[in-house]
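# Summary of the model geometry
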Amino acid sequence: MDQNCYAVVMAGGRGERFWPRSRSSHPKQFLQLLGKSTMIEETVRRLFPVCPPERILVLTNAEYVDIVRTLLPDLPAGNIVGEPVGRDTGPCAALAAALVGSRGGDGAVMMMLPADHVIKHTRELSAVLEDAAELARKHAEWLFTIGIPPTSPATGYGYIQCGEALEEASNGTRFFRSLGFREKPDRETAERFLASGDYRWNSGIFLWQVGALRAEFRRQAPGLERFCTQIGETIAAGTFEQELPELFRNQPKISIDYAVMEHARFIAVAESRFDWDDVGSWTSLRNHFATDADGNVADGLFAAVDSRNLVVSGSPDHLIAAIGVDNLVIVQTRDVTLVCAANQAQRIKELLKAVGLRPELRHFL
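Let me begin by describing the structure that accompanies this report. Nothing here was measured: the structure is a model prediction, and the numbers come from that model. Residue numbering note: each chain is counted from 1, following its sequence as written. Per-residue local features are limited, in this predicted model, to residues with pLDDT of at least 70; the limit for side-chain atom pairs, both in listing and counting, is 80 or more; totals at the level of whole chains, interfaces and linings are taken over all residues. Side-chain metrics in this entry use all non-hydrogen atoms of the structure; hydrogen atoms and water are not considered.

## What to know about the overall build of the protein
Put simply, DSSP marks the helices as runs of H or I at least four residues long and the strands as runs of E at least two long, and each gets a number from the N terminus on. Secondary structure assignment for the protein yields 10 helices and 15 strands. A globule of 365 residues ought to have a C-alpha radius of gyration of about 21 Å, and the protein, at 21 Å, matches this closely. Overall size of the protein, expressed as C-alpha extent along the three principal axes, is 60 × 50 × 35 Å. Here the protein, with 365 residues, has 52% of them falling under the buried criterion. Contact criterion: two residues are considered in contact whenever any of their non-hydrogen atoms come within 4.5 Å of each other. A sequence separation of at least 24 residues applies to 67% of the contacts in the protein between residues at least 6 apart. Atoms counted for the radius of gyration: C-alpha only. Globule rule: 2.2 Å times residue count to the power 0.38. Accessibility here uses a 1.4 Å probe with only protein chains present; expressed as a share of the type maximum, an area under 20% marks a residue as buried, one over 50% as exposed, and anything in between as partly exposed.

## Structural notes on the packing of aromatic side chains
What counts as a ring pair is set by centres within 6.5 Å for rings of Phe, Tyr and Trp (its six-membered ring), and what kind of pair is set by the plane angle: stacked under 30 degrees, edge-to-face over 60, tilted for all other angles. In total, this model carries 11 aromatic pairs according to the counting rule given. With 4.9 Å between their ring centres and 65 degrees between their planes, F18 and W282 make a pair best called edge-to-face. Here the residue F18 occupies a position in the loop between β1 (5-11) and α1 (39-47), and W282 occupies one in the loop between β9 (267-271) and β10 (297-299), the gap between them amounting to 264 residues. Overall, the relative accessible area of 0% leaves W282 in the buried class. Aromatic side chains F144 and F175 sit 5.9 Å apart centroid to centroid with 90 degrees between the ring planes, which places their arrangement in the edge-to-face category. Taken together, the residues span a long stretch of sequence, with F144 in strand β5 (residues 143-148) and F175 in strand β7 (residues 175-182) at a distance of 31 residues. Pair check on accessibility: F144 and F175 agree, each one buried. An aromatic cluster of three or more residues is present, and its members are Y157, W201 and W276. By the criterion adopted, a ring carries a charge over it if an Arg CZ or a Lys NZ lies within 6 Å of its centre and within 35 degrees of its normal. Note that R200 overlies the ring of F176, its terminal NZ or CZ placed 5.4 Å from the centroid.

## Some words on the environment of M261
For M261, the location among the structural elements is in the loop between α9 (256-259) and β9. Counting along the chain gives 118 residues from M261 to L143, while the straight-line C-alpha distance between them is 8.1 Å. Look past the residues within four positions of M261 in its chain and what remains in contact with it is L143, T145, F181, F206, W208, I256 and I267.

## Regarding the nonpolar core
Ranked by internal contacts, the top residues of the largest apolar core, which has 49 residues, are V58, M111 and L129. The dominant element in this core, judged by the number of residues it contributes, is helix α4 (residues 122-138), at 7 residues. The contacts of L129, once residues within four sequence positions are left out, are M1, L47, V50, M111, L113, I146, I205 and L207. What is meant by a nonpolar core is a set of buried Ala, Val, Leu, Ile, Met, Phe, Trp, Tyr and Cys residues, joined one to another through side-chain atoms within 4.5 Å. Residues L57, M112, I231 and M261 belong to the second largest nonpolar core, which totals 45 residues.

## So, a negative patch on the surface
A patch is a set of surface residues, each over 30% in relative accessible area and not in a salt bridge, joined within 9 Å for like charges and within 5 Å for the nonpolar side chains Val, Leu, Ile, Met, Phe, Trp and Tyr. Under the convention used here, a 1.4 Å probe and the Shrake-Rupley method define accessible areas, while residue burial counts only the protein chains that appear. Here, a salt bridge means any side-chain nitrogen of Lys or Arg that lies within 4 Å of a carboxyl oxygen of Asp or Glu. Asp and Glu are treated as the negative residues and Lys and Arg as the positive ones, with His and the ends of the chain left uncounted. Working definition for charges: the position is that of NZ of Lys, CZ of Arg, CG of Asp or CD of Glu. A cluster of acidic residues, D292, D294, D306 and D326, forms a negative patch at the surface. Residue placement: D292 occurs in the loop between β9 and β10. We classify D292 as partly exposed; its relative accessible area is 34%.

## A few points about the pairing of strand β8 (residues 199-209)
For β8, the buried fraction is high: 11 of the 11 residues fall into the buried class. A pair of strands is considered paired only if DSSP assigns at least 2 bridges between the two. Direction of pairing for strand β4 (residues 109-114) relative to β8: antiparallel, over a ladder of 4 bridges. If you follow V109 over to β8, its bridge partner there is Q209. Across 5 bridges, β5 lies against β8 in antiparallel orientation. Its bridge partner lying in β8, I148 is registered against W201. Two strands pair when backbone bridges link them, and strand β6 (residues 159-165) and β8 are joined in this way by 3 bridges, in the antiparallel orientation.

Shown next as structure tokens:
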């Protein structure tokens, strides 16, 4: 990878769907869900073959800056930047463009990745990122995203419709012209998407030249372009840390998909050759742990009689025992026990809203 390519890891999310393991002070990206390393550590480690530590930035919530710096000691402290409030991925991308642009100019290639996805085929990931960067340098007006070939009619992912095939890059990655983004579909629509062969899951991984993104900001989201310019001015003046909080709070809460990607003029979809899972709920852990003879997945001490299709998360010194129950998620922490129907696990956010309405329970969030 050339010297003017940067990686930006988005690590500001709350990860509420993994409550009670995830809390407002310790969200999903800081959990050791699938091993001994946290998700953010795994994400950054995967980037080292593509970008050296000095060209990897992490944008997180301001209250998480210290923990990120502790987890990622190889990154310069100044590369870990705290957002004062959550404003979704649109303002995050604008802030990232200003930071990368101040270092590499509008011609710098910038990739943006979530901090909490699971990707085990790291060589294939590196190859796809390198190919997308190669074409981004060649086609300065294009925005690139990575699409995941769907393996099931999933209703929890957004989709991208792919059109004509574009050129292949050096490592053989296939690229397609995007025909548009599609919202999370119902089951019937998802089955139609899968059968057509023209759709890919939206991975949330993006890559572009800074100038290409800013051109789309000017065309579609002038407020974000103005914010990007203001941040660049504060960096040049040496007042970035002092002025960022107020400037960021004034931004709208909007995703980069809505702000730019859905109506951008030139979007290319790189087809992934790596495994991918955004591990969006407790039930998704079934994809990563072995099941017992009754279809149960357990992390921690567990025993059961006549119980099937359970997802259990506990600790090595606290036994979770089940008798005669099916299709549940059971999560035990030091101060909370969650029990829910497996097909209702996506409703944890509703539960947290109810908990938040009760002052005596808010410390559990």
